[in-house]
Amino acid sequence: MAYDRLSRDLLEALVILAVGVLIGLSLHSRLLLDAFSGRLQPRAPALSAPAARFPAPIDLAGLRRELQRGTPIVDARLPELYAAGHLPGAISLPLADLDQDLAAFLARVPRAQRLVTYCNGYGCPDSYDLAVRLLAVGYRDVLVFEDGLPAWRDAGLPVTEGETP
Amino acid sequence: MSGRRLAYHGCRLALGALFLVAGILKARDVTAFAGEIAAYRLLPYALNYLVATTLPYVEILAGGLLLWGRKVRGAALLTALLTVVFVGAILSALLRGLQIDCGCFGGGPGQSLWFALLRDLGILVLAHFTYHLQPTSKPA
């Protein structure tokens, strides 16, 4: 008796699930086709975000604190420079290819996640520009390691070579 | 109205309202929801979208049925099963030390995973009482 009732309730639950899934599939078939065929483009950033937020600079000590917390580090330089040497664990997101790479990055790193960008130090504006762009697409907390890779290397810290995983 | 019926309707309405609201908030921006699921790093890329485009409507449907008072046992069972899955996902995120949004009620900062876990336990309690207090004497 009790078993019969449970299986009937389970069937009911399954039907509700199936109907809900079908509604979702039919309402979003375009989005799903795009996602499954890898054609998904990043959306235009929402403009409701609080106006004029700026990335905050951090120094080497600040960077090490963020690394300890597991904050993702984003390399704004060209892929060749990234391959020649980057901070251990850094994600390659070249400013020049941002339009093409943004969708994958958005899928990989949630907007609530704090980020640190860097490039080749004070002569290089890309890390700041990348941070501004990431704030514009909805990231809430983006820091810039202004001293960049040179300061990291000069401090005797390890540099990783090779392509991005 | 007896205490038992009062408790049943209270649990049913609270559970239904929670799922209806959660579903609507997510359905308003399924792409953002896909990103929030992706943050859990449990599913391959495209499957995040599959879940994001379907789960909100399952929640809306289950929540709506609970509020309406139709198929209450099936809907309560479904909310409980979904919540068990959510708890698993949240626990795995906590164990891996991910700093992510729960993604439970649409986008929004400051929803800690621990709080989400507690809330999910509360939802399980609501679902339990909704299921077991549901008057069964009525003919099917």
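1. Remarks on the state of the cysteines
Residues and elements named next belong to chain A. The final tally for this structure, using the stated rule, is 2 disulfides over all chains. Here cysteine 119 pairs with cysteine 124 through a disulfide, and the sulfurs are 2.1 Å apart. Between cysteine 119 and cysteine 124 the sulfur-sulfur dihedral comes to about -125°; the bridge is accordingly left-handed. Residue class for cysteine 119 comes out buried when judged on its relative accessible area of 1%. Judged by relative accessible area, which is 16%, cysteine 124 ranks as buried.

2. Here we look at the interface of chain A and chain B
At the interface, 30 residues of chain A touch 34 residues of chain B. Linking chain A with chain B are 1 salt bridge. As a salt-bridge pair, B:Arg73 and A:Asp9 come within 2.9 Å of each other at their nearest N and O atoms. Where the side of chain A that touches chain B is concerned, the elements lending two or more residues are helix H1 (2-27), helix H2 (29-36) and helix H5 (98-108) of chain A. By residue number, the principal contributor to the side of chain A that touches chain B is H1(A), which donates 16 residues. Partitioning the side of chain A that touches chain B into residue classes produces 18 nonpolar, 4 polar and 8 charged.

3. Considering the environment of B:Leu20
Residue and element names in this part refer to chain B. Looking at the element boundaries, leucine 20 is found in helix H1 (residues 3-27). The sequence separation of leucine 20 and tyrosine 57 amounts to 37 residues, and the corresponding C-alpha distance is 9.0 Å. Excluding anything up to four places from it in sequence, leucine 20 contacts Glu59, Ile60, Gly63, Gly64 and Leu67.

4. Let's talk about the nonpolar core
Within the largest apolar cluster, 32 residues are counted, with the highest numbers of intra-cluster contacts made by A:Ile16, B:Leu15, B:Tyr49, B:Leu66, B:Ala75, B:Leu78 and B:Leu82. Put simply, the parts of the chain that give this core at least two residues each are H1 and H2 of chain A together with H1, helix H2 (30-38), helix H3 (45-68), helix H4 (72-95) and helix H5 (113-133) of chain B. Judged by nonpolar contacts, the second largest core, of 21 residues, contains A:Ala76, A:Leu93, A:Leu95 and A:Leu115.

5. Some thoughts on the pattern of salt bridges
All names here are of chain A. All told, the structure shown has 7 salt bridges over all chains when counted by the stated rule. A salt bridge links glutamate 66 to arginine 114; the nearest nitrogen and oxygen atoms lie 2.7 Å apart. Residue glutamate 66 is located in helix H3 (residues 60-69), and its partner arginine 114 is located in the loop between H5 and strand E4 (115-118); the two are separated by 48 residues in the primary sequence. For glutamate 66, a relative accessible area of 5% translates into the label buried. For aspartate 75, the salt bridge is made with arginine 77, and the minimal N-O distance between the two is 2.8 Å. Each member of the pair, aspartate 75 as well as arginine 77, is classed as buried. What emerges from the salt-bridge pattern is a single network uniting Glu66, Arg69, Arg114 and Asp141.

Rules used in this analysis
- Throughout this document, residue positions are counted from 1 along each chain, in the order its sequence is written.
- To label them, take the chains in the order written and letter them from A, then take the ligands in the order written and number them from 1.
- A pLDDT threshold of at least 70 governs which residues receive local features in this predicted model, and a stricter bar of 80 or more applies before side-chain atom pairs are shown or counted, although totals over entire chains, interfaces and linings include all residues.
- Each side-chain value is worked out from all heavy atoms of the structure, with water and hydrogens disregarded.
- Pairs of cysteine sulfur atoms within 2.5 Å are identified as disulfides in what follows.
- Buried means the residue's accessible area, taken with a 1.4 Å probe over protein chains only, is under 20% of the maximum for its type, while exposed means over 50%, and partly exposed covers the values in between.
- The contact criterion used throughout is that any non-hydrogen atoms of two residues lie within 4.5 Å.
- Any carboxyl oxygen of Asp or Glu that lies within 4 Å of a side-chain nitrogen of Lys or Arg is treated as forming a salt bridge with it.
- Only runs of H or I of at least four residues qualify as helices and only runs of E of at least two qualify as strands under DSSP, and these elements are numbered from the N terminus.
- Note on residue categories: nonpolar means Ala, Val, Leu, Ile, Met, Phe, Trp, Tyr, Cys or Pro, charged means Asp, Glu, Lys or Arg, and polar means any other residue, Gly included.
- Each nonpolar core is a collection of buried residues, namely Ala, Val, Leu, Ile, Met, Phe, Trp, Tyr and Cys, held together in the definition by side-chain atoms within 4.5 Å.

Purely geometric numbers; function is a separate question.
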